[in-house]
Amino acid sequence: MSRSIACGELGPVGRARASVSDARRLLLRPTVDSLEESAAHLETAVGALREYRPEPGAETELEELRKEVSLAAALIEGAAAFYSGWARVLFTAACGYTASGEPAVPGPVRRISVEG
Amino acid sequence: MSGLFGALRASANSLHILEYSLATVQNNVLNASTPGYAKQRLLPLPAPFVPEQGLPGGIVPGQVQSLRSEYAERSVRQETHLWAHFDQFSKDLAKIERLFDISGQSGIPGALNKLFQSFSAWSLAPNDLVPRREVIDRATEAAAQFAETAASLNTTSTVLDQQIREAVETINNLASSIRDLNVQMQRDHHARSDPSLDARLHATLENLAEYTDFTALFQPDGTVTILMGGQVPLVIGVRQYRIEPEFAGSETRILDSDGKDVTAQAATGRLGAMLELKNTVLPSYMSELNRLAASLADDVNAMLAAGLDTNGNPGAPLFAYDSADEAASTLRVTNITPDQLAAAAPDAPLGNANALALAGLATAPRLDGLSYTAYYGRLAATIGQVLHGSRSNRDTHEQLLLQSRSIRDEISAVSLDEEAARLIELQRAYEATARVIVILNELTQTTIDMMR
């Protein structure tokens, strides 16, 4: 309740920053659910920025937004690096390495059945 | 009949396992806030099921397994040393930044402004004693400001050395704790699966990560090898290799147990930040300050020497310093007397041309195309920008550290909600098994009674 009132009083940049900030908080615990939820917040931020018209004196607000965006970007990259690294560890443990030394990726399981 | 007894035995085994599982849950709950603890789970194993041979199946207790992920632990340690590096760098650089005033009202820029104003006032009354004395007073003040700032930078350098000594001692103490744990692991085979030792080891590794980057290699004998910067051994098996700081000369170095310079392997973490400030950042700021002080002194002295004093003699030098690489700390005013200041140009004795030229130094490009105050401003701005960048990196890595801890905790930290749910699940299984035993017991008794 208080949040929506506060957002209602903000301009487009302020609303975008609040949405990116919400996304950033969710990305601190990057589960599949929180990643999906944070994407929705980021879309809201994009929507708010579409309404933005350049105005003098907005530098500080824009700088704050830039900082939030860069933190959110770092968290997305951090989560991606963690999970891709983990995937490499798991693939290596499960399938070993390719001839070129890269972790082997498990291929799809194919089965055939003969009837009659 | 053997079937009934077998079933009774299998159910009793189940109760036994449930008891173990309850003990595991209890241990998890008690250690919920123990630093470094990872939750444990009892893995039941299927028992052999061959009824004709009297093997009733069911489950038997397997190993108690830790849910710790070394990959997640390493990720936390990686972010810990990066965050700690920028945190330490920001804290120490903020102390240096305070020495460089940019308002122009105090410190070196304030003193320079007053000196140039005194030159300007002197040019209006070139042969009066009062403005001449004012020039010498303002020059004394400017020299004192340079010396004070240089002394503060030197004090900061000494404080950094003390911090480096303490950080190295902390690293050695933490390495010693890891060595002690290794001794226990090697001596007692059961210690390798002891969750309390495992928790202590991981809490110690996380503390160590604050101070320096390292690689932890887990060995088959249960010990862990610690290599600082991936290369310098701190602990191998039951042996510790101490590192030591060396403060010879202006540069502080880190030496390994053989006395070899391994400073490059201690580049990150709190220790790395202190070394960077001590060996690279501070000397560069001091060098800029020395350049400014030497250039100001040389220019003013050269201009005075090119003019004439009130007696028609070439002007005496106003400033002196010992050497270019310590110009700021040794800058001082000579024993010059007011009448020895050269206000006039050689072609116009008793005039003010030289004093005017000296006043013009306030805006004249002298260093890298900048005036003295602009050069100083550039130095102060550079420090501010480096500090801003460092704080920004600290904030980013603080968030990444929170994220990596959250992922790690998701995998291995004790969740009281989860343990409570597990407890209820075990309680139900316990009740169900106990009920089966009661029924089986009654059935067995009935069968025995029937046979009588």
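Residues numbered from 1 in each chain as written. Chains lettered and ligands numbered in written order. Predicted model: local features only at pLDDT ≥ 70, side-chain atom pairs only at ≥ 80, totals over all residues. Heavy atoms only, no water.

## Structural notes on the overall build of chain B
Our working definition: Each helix is a run of H or I in the DSSP string that is no shorter than four residues. Each strand is a run of E no shorter than two, and both are numbered from the N terminus. For every residue, the accessible area (1.4 Å probe, protein chains only) is compared with the maximum for its type, and the residue is labelled buried under 20%, exposed over 50%, or partly exposed between those bounds. The contact criterion used throughout is that any non-hydrogen atoms of two residues lie within 4.5 Å. The accessible surface values rely on the Shrake-Rupley method and a 1.4 Å probe; as for residues, cover is taken only from the protein chains in view. Asp and Glu are treated as the negative residues and Lys and Arg as the positive ones, with His and the ends of the chain left uncounted. Just so you know, the charge point we use is NZ for Lys, CZ for Arg, CG for Asp and CD for Glu.
Scanning chain B from terminus to terminus reveals 10 helices and 12 strands. Out of the 452 residues belonging to chain B, those deemed buried represent 46%. A fraction of 69% describes how many contacts in chain B between residues 6 or more apart in sequence connect residues 24 or more apart. Working note: accessible area of chain B is about 21500 Å², and carbon and sulfur atoms make up 53% of it. Charge centroids of chain B, computed over 36 positive and 53 negative side chains, lie 4 Å from each other.

## Observations regarding the packing of aromatic side chains
Geometry of an aromatic ring pair is reported as the spacing of the ring centres plus the angle between the planes. Stated formally: Pairs were defined over the aromatic rings of Phe, Tyr and Trp, the Trp ring being its six-membered one, requiring ring centres within 6.5 Å. Orientation was assigned from the angle between planes: stacked under 30 degrees, edge-to-face over 60, tilted for the rest.
One pass over the structure, following the stated rule, counts 8 aromatic pairs over all chains. Between phenylalanine 116 of chain B and phenylalanine 119 of chain B the ring centres are 6.4 Å apart and the planes differ by 45°, which places this aromatic pair in the tilted class. Of the two residues, phenylalanine 116 of chain B and phenylalanine 119 of chain B are both situated in helix H3 (residues 107-124); the distance of 3 residues between them amounts to about one turn of the helix. Given the relative accessible area of 0%, phenylalanine 119 of chain B is considered buried. Pairing phenylalanine 116 of chain B with tyrosine 372 of chain B gives two aromatic rings, centres 6.3 Å apart and planes at 10°, and the pair type is stacked. Here phenylalanine 116 of chain B is found in helix H3, whereas its partner tyrosine 372 of chain B is found in helix H9 (residues 372-412), with 256 residues between them in sequence. Here a set of aromatic residues connected by ring pairs shows up, and it is made of Phe82, Tyr83 and Trp86 of chain A together with Tyr71 of chain B.

## Considerations on the pairing of strand S6 (residues 224-228) of chain B
All names here are of chain B. This is how the line gets drawn: What makes two strands pair is DSSP finding at least two bridges between them.
Across the 5 residues of S6, 5 count as buried, placing the element largely inside the fold. Taking every second residue as pointing to the same face, both faces of S6 are buried, with Val224, Ile226 and Met228 on one and Thr225 and Leu227 on the other. In sequence, strand S5 (residues 214-218) turns back onto S6 through a hairpin of 5 residues, with glycine 222 there showing a positive phi of about 90°. Examined bridge by bridge, S6 and strand S7 (residues 232-236) share 3 bridges and lie antiparallel to one another. Each bridged residue has a counterpart across the sheet, and for isoleucine 226 the counterpart in S7 is valine 235. Hairpin geometry of S6 and S7 is characterised by an intervening segment of 3 residues between the two adjacent antiparallel strands and by a positive phi of about 60° at glycine 229.

## Here's the deal with the confidence of the model for chain B
Note the cut-off: The pLDDT score gives, residue by residue, the confidence of the prediction method on a 0 to 100 scale.
Here chain B averages 90 in pLDDT, and 97% of its residues register 70 or above. On the interface metric, ipTM, the complex scores 0.79, and its pTM is 0.82.

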